[in-house]
Amino acid sequence: TAGITQAPTSQILAAGRSMTLRCTQDMRHNAMYWYRQDLGLGLRLIHYSNTAGTTGKGEVPDGYSVSRANTDDFPLTLASAVPSQTSVYFCASSVTRRNGELFFGEGSRLTVL
Amino acid sequence: DQQVKQNSPSLSVQEGRISILNCDYTNSMFDYFLWYKKYPAEGPTFLISISSIKDKNEDGRFTVFLNKSAKHLSLHIVPSQPGDSAVYFCAASEDGGATNKLIFGTGTLLAVQP
């Protein structure tokens, strides 16, 4: 089972350019999430979606946008990248919106120069 | 302000001994706590959880202890194995473990020496 697939695995981006990180799940989970991992800060929630057609803001949503057109896909877009968005980005999904158990993808490493 | 704190960035333990990873939190509204394990170049994977109505939950070699009065939880791994070497994140949530409200700690790198 593939689970959650993220693309690209790694990307170097010039500041000011736009970028979309892709996330696809094949588990038919209703809820999906985007986190960023930074040294000394742990994992922080950027945006989430409880079900297709709805999205919500997490802890650090500024500079990012998401959409949820269907159950399987949850892309994260950086409209105009800045160096502080250099990070490892993880997409995740969950069966329910309780009990906290998330299934994560392998991550996308983004470097903004 | 860090609501979930892991004050030890790293821990080294001998194979076969006990590993104890600690986590402190400040928000008294948290009612569900979890531990995730992360290997390099992989996403975190769920390890074990505990509700605030309990003070202990055990799953094989892994036990999580919750001390609500001290706002402290710990993960015990007994016996530790080299394959346990990873970064461990604790996480906490309100509203019965609402997954869109998970707050993660900064992680502890565990190294189990053969």
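In the block above lies the structure referred to throughout.
First things first, this report covers the structure right here in the doc. Just so we're clear, the structure is a prediction, and the values are computed from it rather than from any experiment.

**Describing the nonpolar core**
All names here are of chain B.
Now for step 1: Ranked by internal contacts, the top residues of the largest apolar core, which has 24 residues, are F33, W35, L73, L75 and Y88.
Now for step 2: Contributions of two or more residues to this core are made by β3 (19-25), β4 (32-38), β5 (45-51), β7 (62-67), β8 (72-77), β9 (86-93) and β11 (108-113).
Now for step 3: What F33 contacts, discounting residues up to four positions off in sequence, is Y25, I48, S49, I50, S52, L66, L73, A91 and A92.

**Comments concerning the side chain of S52 of chain B**
Now for step 1: Following the sequence through the fold, S52 of chain B ends up in the loop between β5 and β6 (56-59).
Now for step 2: Among all residues touching S52 of chain B, those that are not within four sequence positions of it are F30, D31, F33, L66 and K68 of chain B.

**Overview of the interface of chain B and chain A**
Now for step 1: Contacts between the two partners involve 21 residues from chain B, matched on the other side by 23 residues from chain A.
Now for step 2: Of the roughly 1800 Å² buried where chain B meets chain A, counting both sides, 58% is carbon and sulfur surface.
Now for step 3: For the pair chain B and chain A, the interface holds 0 salt bridges.
Now for step 4: Viewed at the interface, chain A and chain B are joined by 4 residue pairs in polar contact (both at pLDDT 80 or more).
Now for step 5: At the level of secondary structure, the elements contributing two or more residues to the side of chain B that touches chain A comprise β4 and β10 (103-104) of chain B.
Now for step 6: Ranked by the residues each element gives to the side of chain B that touches chain A, the list is headed by β4 of chain B, at 4 residues.
Now for step 7: Considered class by class, the residues forming the side of chain B that touches chain A number 11 nonpolar, 7 polar and 3 charged.

**A closer look at the pattern of salt bridges**
Now for step 1: Using the criterion set out here, one finds 5 salt bridges over all chains in the structure.
Now for step 2: With a shortest N-O distance of 2.9 Å, R28 of chain A and D72 of chain A are connected by a salt bridge. Here the residue R28 of chain A occupies a position in the loop between β3 (19-25) and β4 (31-38), and D72 of chain A occupies one in the loop between β7 (64-66) and β8 (76-78), the gap between them amounting to 44 residues.
Now for step 3: Judged by its relative accessible area of 55%, R28 of chain A falls in the exposed class.
Now for step 4: Residue D72 of chain A is classed as partly exposed on the basis of its relative accessible area, which comes to 23%.
Now for step 5: D84 of chain B is the salt-bridge partner of R61 of chain B, the closest N and O atoms lying 2.8 Å from each other. Note that R61 of chain B is positioned in the loop between β6 and β7 and D84 of chain B in the loop between β8 and β9, a separation of 23 residues in sequence.

**Considerations on the state of the cysteines**
Residues and elements named next belong to chain A.
Now for step 1: Tallied over the full model, the rule gives 2 disulfides over all chains.
Now for step 2: Through a disulfide, C23 is tied to C91; the S-S separation comes to 1.9 Å. With the S-S bond torsion at -75°, the cross-link from C23 to C91 turns out left-handed. Residue C23 is found in strand β3, and its partner C91 is found in strand β9 (residues 87-94); the two are separated by 68 residues along the sequence. The same class applies to C23 and to C91, which are both buried.

**Quick word on the side chain of K38 of chain B**
Now for step 1: With respect to the helices and strands, K38 of chain B occurs in strand β4.
Now for step 2: Salt bridges are absent for the buried K38 of chain B, whose nearest opposite-charge side chain, E42 of chain B, sits at 7.8 Å.
Now for step 3: Engagement of the side chain of K38 of chain B in a polar contact is seen with the backbone oxygen of E42 of chain B, the distance being 3.1 Å.
Now for step 4: Setting aside residues up to four positions removed in sequence, K38 of chain B forms contacts with Q37 and F90 of chain A together with G43, P44, A86, V87 and F89 of chain B.

Conventions and cut-offs
- Residues numbered from 1 in each chain as written.
- Chains lettered and ligands numbered in written order.
- Predicted model: local features only at pLDDT ≥ 70, side-chain atom pairs only at ≥ 80, totals over all residues.
- Heavy atoms only, no water.
- Core = buried A, V, L, I, M, F, W, Y, C linked by side-chain atoms within 4.5 Å.
- Buried < 20%, exposed > 50% of the residue type's maximum accessible area, 1.4 Å probe, protein only.
- Helix = DSSP H or I, 4+ residues; strand = E, 2+ residues; numbered from the N terminus.
- Contact = heavy atoms within 4.5 Å.
- Buried area = accessible area lost by both parts, 1.4 Å probe.
- Salt bridge = Lys/Arg side-chain N within 4 Å of Asp/Glu carboxyl O.
- Polar contact = N/O pair within 3.5 Å; in protein donor to acceptor, adjacent residues only side chain to side chain.
- Nonpolar A, V, L, I, M, F, W, Y, C, P; charged D, E, K, R; others polar.
- Disulfide = S-S within 2.5 Å.
- Lys, Arg positive; Asp, Glu negative; His and termini not counted.

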